Amino acid sequence: MKDKILKMLKLSGREFISGEKISEEFGVTRAAIWKNINTLKEEGYLIESIPRKGYRIISSPDVLTLVEIEEELNTNYIGRNLFYYETIESTNTFAKKMALDQPEGTVVIAEEQSGGIGRMGRDWLSPKGQGIWMSIILKPEVEPMEVSKISLVGAAAVHSGLNKMALKSQIKWPNDILINGKKVAGILTEMSCELNQVNYLVIGIGINVNLEQLPKDLEEKASSLKIETGGVVDRKLLLAHILNHFEELYEEFKTGTIESTVKICKDNSVLLNEEVRIIKGKETRIGKALDINSSGELVVEFKEGIENIFSGEVSLRGLKGYI
Ligand code: BT5
């Protein structure tokens, strides 16, 4: 009921809506409306109420709920079923638990993660209300081998979402987004599969939006949109843009090609034509990144010859600083 009332108030914009109209629309008592309005106020909505005129919203809190992003969301299914939490351990872990029971495109989002995870069991810092920490549940009918391409789809969607907000970023294949050479977002794709069938996959996206400072051990290589641009970035709008781009690029992925994704990743790559260090387990090799091929693999020239690197379990470092 609370969300329905909120939606009605949002739709009416600056106009007042009378308690009578709300009670007729939803068949609830005035007392029930008053109770819901109070709950909304506790959640941070500033609502003006004037006797005989009714209610109107003056301002909304900075929260990443569906009602708050719906106006800008153009998707058919990505983000339409959205679970929002103040604090959870990890949106990826949570999404994996519910993946079999929820439709494709379900998004789990949290204002704060108490145990956010990065690739290969690393930690992911996710302070309250300052970032976008989310996971998208997907159920593509593809072979498990194809799944690593999804990280690129995610990276291209984040890049395009930032671009729509006039924020210029670069992509460090396969899963990092950088601004001014520092990491502002990372992607972690996890899946459950059989031999030749994917049950589900979960793509986790973490974006440092309005963090004012990063811990000492990260500040050399990581940053936030706010630090790099000097201003607060609208998280709701950015989230909606990213989900919109994600659906478009994911639809293409489902047709068997990732042409648009690869183009975005290539045009905005920090690695191409650079010397890179490729780390796989204990093995490190140095080569020159030449290209990203149509399957999303990094084409690298080693002393021994040219090889296509599959994103799977590799880490990559440039020879100059972090990138
Ligand atoms: C990643 O791992 O870049 C994937 C991050 C995915 C995070 C999202 S948030 C929503 C969803 N739920 C989760 O629990 N996770 C996903 P990787 O490339 O392994 O980078 C991890 C490394 O980056 C760490 O070892 C730190 O050095 C550094 N790091 C940790 N937190 C960071 C942050 N907030 N920003 C930038 N770097 C960070």
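Please refer to the structure higher up on the page.
Residues numbered from 1 in each chain as written. Predicted model: local features only at pLDDT ≥ 70, side-chain atom pairs only at ≥ 80, totals over all residues. Heavy atoms only, no water.

> How should I be thinking about helix H8 (residues 235–254) in this particular structure?
Given 3.6 residues per helical turn, the α-helix brings residues three or four places apart onto the same face. Helix length check: H8 (20 residues) gives 28 Å between terminal C-alpha atoms against 28 Å at 1.5 Å per residue, within 8%. Across the 20 residues that make up H8, a large majority, 15, are buried. For H8, the N-terminal capping position is held by aspartate 234, with its side-chain oxygen 3.0 Å away from the main-chain nitrogen of lysine 236. (Helix = DSSP H or I, 4+ residues; strand = E, 2+ residues; numbered from the N terminus. Expected span 1.5 Å × (residues − 1). Buried < 20%, exposed > 50% of the residue type's maximum accessible area, 1.4 Å probe, protein only. Polar contact = N/O pair within 3.5 Å; in protein donor to acceptor, adjacent residues only side chain to side chain.)

> Looking at this structure, I do not really get the nonpolar core. What am I missing?
Generally speaking, a soluble globular protein has its nonpolar side chains buried in company with each other. Formed by 65 residues in total, the largest nonpolar core has its most connected members in Leu225 and Leu298. Those residues in contact with leucine 225, other than ones at most four positions away along the chain, are Leu162, Leu167, Ile179, Val184, Ile207, Asn208, Val209, Gly230, Val233 and Leu238. Membership of the second largest hydrophobic core comes to 15 residues, among which are Met8, Ile33, Ile37 and Leu40. (Core = buried A, V, L, I, M, F, W, Y, C linked by side-chain atoms within 4.5 Å. Contact = heavy atoms within 4.5 Å.)

> Would you take a moment to explain helix H5 (residues 91–98) for this structure?
Every buried residue of H5 is listed here: Thr91, Asn92, Ala95 and Met98. Viewed end-on, H5 has its buried residues packed into an arc of 135 degrees, placing them on one side of the element. The backbone nitrogen of asparagine 92 has a side-chain oxygen 3.2 Å away, supplied by the residue at the start of H5, namely serine 90. (Arc of directions from axis to C-beta.)

> Any chance you could explain the sheet that holds strand S6 (residues 170–172) here in plain terms?
Remark on secondary structure: sheet strands pair via backbone hydrogen bonds, oriented parallel or antiparallel. On the basis of which strands lie adjacent, the open sheet formed by seven strands has the order S3-S4-S5-S9-S8-S7-S6 and mixed pairing. Bordering the open sheet on either side are strand S3 (82–88) and S6, each of which pairs with just one other strand. Going from strand to strand, the sheet's axes swing by 20 degrees on average, the running direction of each strand aside. Against the sheet, H8 touches strand S4 (107–113), strand S5 (131–138) and strand S9 (198–208), its axis set at about 25 degrees to S5. (Pairing = 2+ DSSP bridges. Axes fitted to C-alpha atoms, helices over the stretch in contact; angles between N-to-C directions.)

> Any chance you could explain the packing of aromatic side chains here in plain terms?
Any pair of aromatic rings gets described here by the distance separating the centres and the angle formed by the planes. With the rule as written, the count across this model stands at three aromatic pairs. Taken together through their ring pairs, the aromatic side chains of Phe246, Tyr250 and Phe253 make up a single cluster. We note arginine 285 situated over the ring of phenylalanine 302; from NZ or CZ to the ring centre the distance is 3.8 Å. (Phe/Tyr/Trp six-rings, centres within 6.5 Å; stacked < 30°, edge-to-face > 60°. Lys NZ or Arg CZ within 6 Å of the ring centre and 35° of its normal.)

> Teacher, can you tell me more about the environment of glycine 129 here?
Here glycine 129 shows up in the loop between S4 and S5. On the basis of relative accessibility, which here comes to 26%, the residue glycine 129 falls in the partly exposed class. Separated by 71 residues in sequence, glycine 129 and isoleucine 58 place their C-alpha atoms 21 Å apart. Setting aside residues up to four positions removed in sequence, glycine 129 forms contacts with Asp62, Glu111 and Arg235.

> I keep staring at the pairing of S9 and nothing clicks. Help me out?
Regular strands show a simple pattern: their side chains alternate between the two faces of the sheet. Buried residues dominate S9, accounting for ten of its eleven residues. Relative to S9, S5 runs antiparallel, the two sharing eight bridges. Residue pairing across strands places isoleucine 132 opposite isoleucine 207, the latter belonging to S9. Here strand S8 (residues 182–193) pairs with S9 via nine bridges, running antiparallel. Following the sheet pairing, glycine 186 is matched in S9 by glycine 206. Connecting S8 to the antiparallel partner S9 that follows it, the hairpin turn spans four residues.

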